[in-house]
Amino acid sequence: MIVTQILDYLVFAILLFFITFFIDIFYYYFRYRRVIPRKMLTFKRGGLFEHYRIVGMTVLVLVLIHAIFGINPFPQPGEEANALSMFIEAVTFYLPVTVFMIFIFIFAFYMAHSLYAKARNIEDRKQYLIERGHRIVVLSVVFGLIVSSAIMVLVLIQAF
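Looking at this structure, I do not really get the nonpolar core. What am I missing?
A general tendency of soluble globular proteins is for nonpolar side chains to be buried together. Counting residues in hydrophobic clusters, the biggest one holds 12 residues: Y9, F12, A13, L16, F17, F21, L48, V55, V59, L62, F74 and I88. Counting residues per element, the ones that place at least two in this core are α1 (2–32) and α2 (52–69). Considering every element that reaches this core, the biggest residue donor is α1, with 6 residues. Look past the residues within four positions of F74 in its chain and what remains in contact with it is Q5, D8, Y9, F12, L62 and I88.

Got a minute to help me understand the packing of aromatic side chains in this structure?
The geometry of an aromatic ring pair comes down to the distance between the two centres and the angle between the two planes. Using the criterion set out here, one finds 15 aromatic pairs in the structure. Ring geometry for Y27 and Y28: centres 5.0 Å apart, planes at 80°, overall edge-to-face. A residue is classified by how much of its surface remains accessible, and Y28, at 25% relative accessible area, is partly exposed. One aromatic cluster is present, built from ring pairs that chain together F17, F43, F49 and Y52.

What is the right way to look at the side chain of N72 in this model?
The topology assignment puts N72 in the loop between α2 and α3 (83–119). There is a polar contact of 3.0 Å between the side chain of N72 and the backbone nitrogen of F74. For N72, the contacting residues outside a window of four places in its chain are Q5, H66, E79, N82 and S85.

What counts and how
Residues numbered from 1 in each chain as written. Predicted model: local features only at pLDDT ≥ 70, side-chain atom pairs only at ≥ 80, totals over all residues. Heavy atoms only, no water. Core = buried A, V, L, I, M, F, W, Y, C linked by side-chain atoms within 4.5 Å. Buried < 20%, exposed > 50% of the residue type's maximum accessible area, 1.4 Å probe, protein only. Helix = DSSP H or I, 4+ residues; strand = E, 2+ residues; numbered from the N terminus. Contact = heavy atoms within 4.5 Å. Phe/Tyr/Trp six-rings, centres within 6.5 Å; stacked < 30°, edge-to-face > 60°. Polar contact = N/O pair within 3.5 Å; in protein donor to acceptor, adjacent residues only side chain to side chain.

These figures capture arrangement, not role.
Here you go:
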């Protein structure tokens, strides 16, 4: 039982590291309109573990809530879910689905623009894609948020 709880907290922390990593990438892209590749497995700027303080504090708060108030944020099968566990489950479902959908739309829109440039015999396709890159990313983020929100609404409707 205790090992299962520890693994639940560990999986939650790893998922939070990835969520904060991708949110940071999107934030800096929209702020500076470019992404600078850096070493991923580092605590330094741009790394996966850059936001270890935020993740650590979040996990620590959940551990304290669990220890002090007895509210289990990760109920086991057969246990009753509470508002905290439902919120955590919703967030950890919604954000990765959103990131996945954004990347799917970015890939699809870049492919569509690339095929369009090839069909129109545009000579400098690389420059053509660079000029439209920001619009493609913005459109992908909008579509990704809409589709993932629709999926979340459908999941919530089925849950009730």
